[in-house]
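# Reading the structure
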Amino acid sequence: MRPTILEVADLAGVSKSSVSNYFHHPGKLSEATRRRIADAMDAVGFSLNDAARTLRTGRSPVVGYVAFELAAARTPVIANAVAARLAEHDIDLLIATNQGDGSRERRYLSLFERQRVSGLIVSPLGDLEDDLRRLRDMGIPSVLMTRHPRALDQPAVSIDHAKGGRLALEHLLELGRRRVGFITDTLAVEQITLRFEGARAVASAAGASIEVVATAERSVMSGIATGRAIADLPAHERPDALFCVNDLVAIGVVHGLAGTVRVPQDVAVVGYDDIEFAQTPAVPLTSVGTPQSELGEAAADLILAETGITSSSMPRQREFAPWLVVRASTVAP
């Protein structure tokens, strides 16, 4: 249990109002009283961070968010949705990004633990459920973002990424494409693996092929480099379709193919997430849409309910369905 203001007051031998004055009106207290209160806070581990608001509301005014990658085009949309919903209840969002580093995300969990945040929203690189269970036992609830939980008591919001992969491949097969390249920088991330496995199942059932095409990172510039490398291949060695790990890579790939390979006549290209920029390239991008704002709002609603700030009858584990948006990168106008 977290230390309370009453424990501080009892240990210091003062009233709760004196502890309140320590933060709001320290001039009303003698130096000796201020010192006793400070010593008592240190002794029980009462955090000074936002302590005044905690006194008034009985809770920390901060929720921590560990994002998988801040540069991903979808992350700001999700984070903005979370922040807006929390702000309705006078709660602030503190964001950290693991930048693909598993040890970094654990350090952020430790940091948020020391800050005594009300709760955590985590979009993890690795498996953090044991860490999150320990924090729940300490009174810091959490919501797992974009990943399916192992534990039935771990609140989570996720997307059916396997379905997203199936939707992309079904569309490409309907167009007669048989040799598909899946462009990604990793298969070590669960969400990406699920997309690939969903796509591979559809390709296998239809007797088509899908192979991983490596790219350096999930960015436009990396997509451009990968697109140019594919364009340099002999025509008989090129895939006739490309399913990209996200829209940024897909936009880059279309740019890298331009001038050498026609999109979609020679190579059809599908992205993932249907970000705003997917509609704007010279060849508008077919993409698998994901409900980013809804995902963020659901995560915020769950953490508000888990912390007791609101009451909710919504399920503690929710999965959202993706959808296909068809544009000119697969179907020529």
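Residues numbered from 1 in each chain as written. Predicted model: local features only at pLDDT ≥ 70, side-chain atom pairs only at ≥ 80, totals over all residues. Heavy atoms only, no water.

### Re the overall build of the chain
Heads up, the condition is: Numbered from the N terminus, helices here are DSSP runs of H or I no shorter than four residues, and strands are runs of E no shorter than two. Buried, partly exposed and exposed residues are distinguished by accessible area as a fraction of the type maximum, computed with a 1.4 Å probe on protein chains only: under 20%, between the cut-offs, and over 50%, respectively. By the convention used here, residues are in contact when the closest approach between their heavy atoms is within 4.5 Å. Computed with a 1.4 Å probe, the accessible areas rest on the Shrake-Rupley method; for each residue, only the protein chains presented here act as cover. His residues and chain termini do not enter the charge count, which takes Lys and Arg as positive and Asp and Glu as negative. By convention, charge coordinates are those of NZ in Lys, CZ in Arg, CG in Asp, or CD in Glu.
Helices and strands together make up the secondary structure of the chain, namely 12 helices and 12 strands. Once the C-alpha set of the chain is aligned to its principal axes, its extents read approximately 85 × 35 × 30 Å. Sorting the 333 residues of the chain into buried and exposed places 51% on the buried side. Put simply, of all contacts in the chain between residues at least 6 apart along the chain, 67% involve residues at least 24 apart. For the chain, the exposed area adds up to about 14900 Å²; of that, 51% sits on carbon and sulfur atoms. In the chain, which carries 35 positive and 40 negative side-chain charges, the distance between the mean positions of the two groups comes to 3 Å.

### Topic: the pairing of strand β5 (residues 156-159)
Convention followed: Here, any two strands with at least 2 DSSP bridges between them count as paired.
Here β5 shows no split at all, with Ala156 and Ser158 on one side and Val157 and Ile159 on the other all buried. The pairing of strand β4 (residues 142-145) with β5 spans 2 bridges and is classified as parallel. Paired with Leu144 across the strands is Ala156, a residue of β5.

### Focus: a nonpolar patch on the surface
Where we set the bar: For patch building, the residue pool is restricted to those with more than 30% relative accessible area and no salt bridge; the joining distance is 9 Å between like charges and 5 Å between nonpolar side chains (Val, Leu, Ile, Met, Phe, Trp, Tyr). In the sections that follow, a salt bridge refers to a side-chain nitrogen of Lys or Arg positioned within 4 Å of a carboxyl oxygen of Asp or Glu.
Together, Leu175, Val326 and Val331 make up an exposed nonpolar region whose accessible area comes to about 210 Å². One can find Val326 in the segment after β12 (323-325).

### Let's talk about the packing of helix α10 (residues 220-231) against helix α11 (residues 247-257)
Note the cut-off: Helix axes are fitted only over the stretch in contact, all axes being lines through C-alpha atoms; the angle between N-to-C directions runs from 0 to 180 degrees. Should an angle fall under 35 degrees it is called roughly parallel, over 145 degrees roughly antiparallel, and 65 to 115 degrees roughly perpendicular, with every other angle called oblique. Handedness of a helix crossing follows the sense of rotation of the near helix relative to the far helix, less than a right angle counterclockwise being left-handed and clockwise being right-handed.
As a packed pair, α10 and α11 sit with axes 6 Å apart at the nearest point and diverge in direction by 40°. By the criterion of interaxial angle, the relationship of α10 to α11 is oblique. As for the relative orientation of α10 and α11, their crossing is right-handed in sense. On α11, the residues touching Val220, Gly223, Ile224, Gly227, Arg228, Ile230 and Ala231 of α10 are Leu248, Val249, Gly252, Val253, His255, Gly256 and Leu257.

### Describing the side chain of Gln154
Cut-off, in case you're wondering: Distance and chemistry together define a polar contact, namely a pair of N or O atoms within 3.5 Å, with one atom able to donate a hydrogen and the other to accept it when in protein, and with adjacent residues in sequence counting only for side-chain atoms on both sides.
Along the polypeptide, Gln154 turns up in the loop between β4 and β5. In this structure the side chain of Gln154 is engaged in a polar contact, spanning 3.3 Å, whose partner is the backbone oxygen of Ser142. Those residues in contact with Gln154 that lie beyond four places of it in its chain are Glu129, Leu132, Arg136, Ser142, Val143, Leu144, Pro149, Arg316 and Gln317.

### Let's talk about the pattern of salt bridges
Across all of its chains, the model carries 16 salt bridges by this definition. The partner of Arg85 in a salt bridge is Asp301, with the nearest N and O atoms 2.7 Å apart. Taken together, the positions of Arg85 in helix α5 (residues 74-87) and Asp301 in helix α12 (residues 292-306) put the pair 216 residues apart, joining distant regions of the chain. Classification of Asp301 as partly exposed rests on a relative accessible area of 24%. Where Glu306 meets Arg316, a salt bridge forms, and the shortest distance between an N and an O atom there is 2.9 Å. Of this pair, Glu306 sits in helix α12 while Arg316 is found in the loop between α12 and β11 (317-320), placing the two residues 10 residues apart along the sequence. Judged by its relative accessible area of 25%, Glu306 is partly exposed. Assessed through its relative accessible area of 36%, Arg316 is described here as partly exposed. The structure contains a network of salt bridges with shared partners spanning Arg85, Glu88, Glu297 and Asp301.

### Comments concerning the sheet that holds strand β9 (residues 268-273)
Strand order in the open sheet formed by 6 strands is β7-β6-β8-β9-β10-β12, and the pairing between neighbours is mixed. Among the strands making up the open sheet, the edge pair consists of β7 (209-214) and β12. Direction aside, the axes of adjacent strands within the sheet are offset by 25° on average. One ladder, built from 4 bridges, connects β9 with strand β10 (residues 286-289); its direction is parallel. By the bridge assignment for β10, Val270 is matched with Thr286. Along the sheet, α10 makes contact with β6 (179-184), β7 and β8 (241-244), crossing β7 at roughly 125°.

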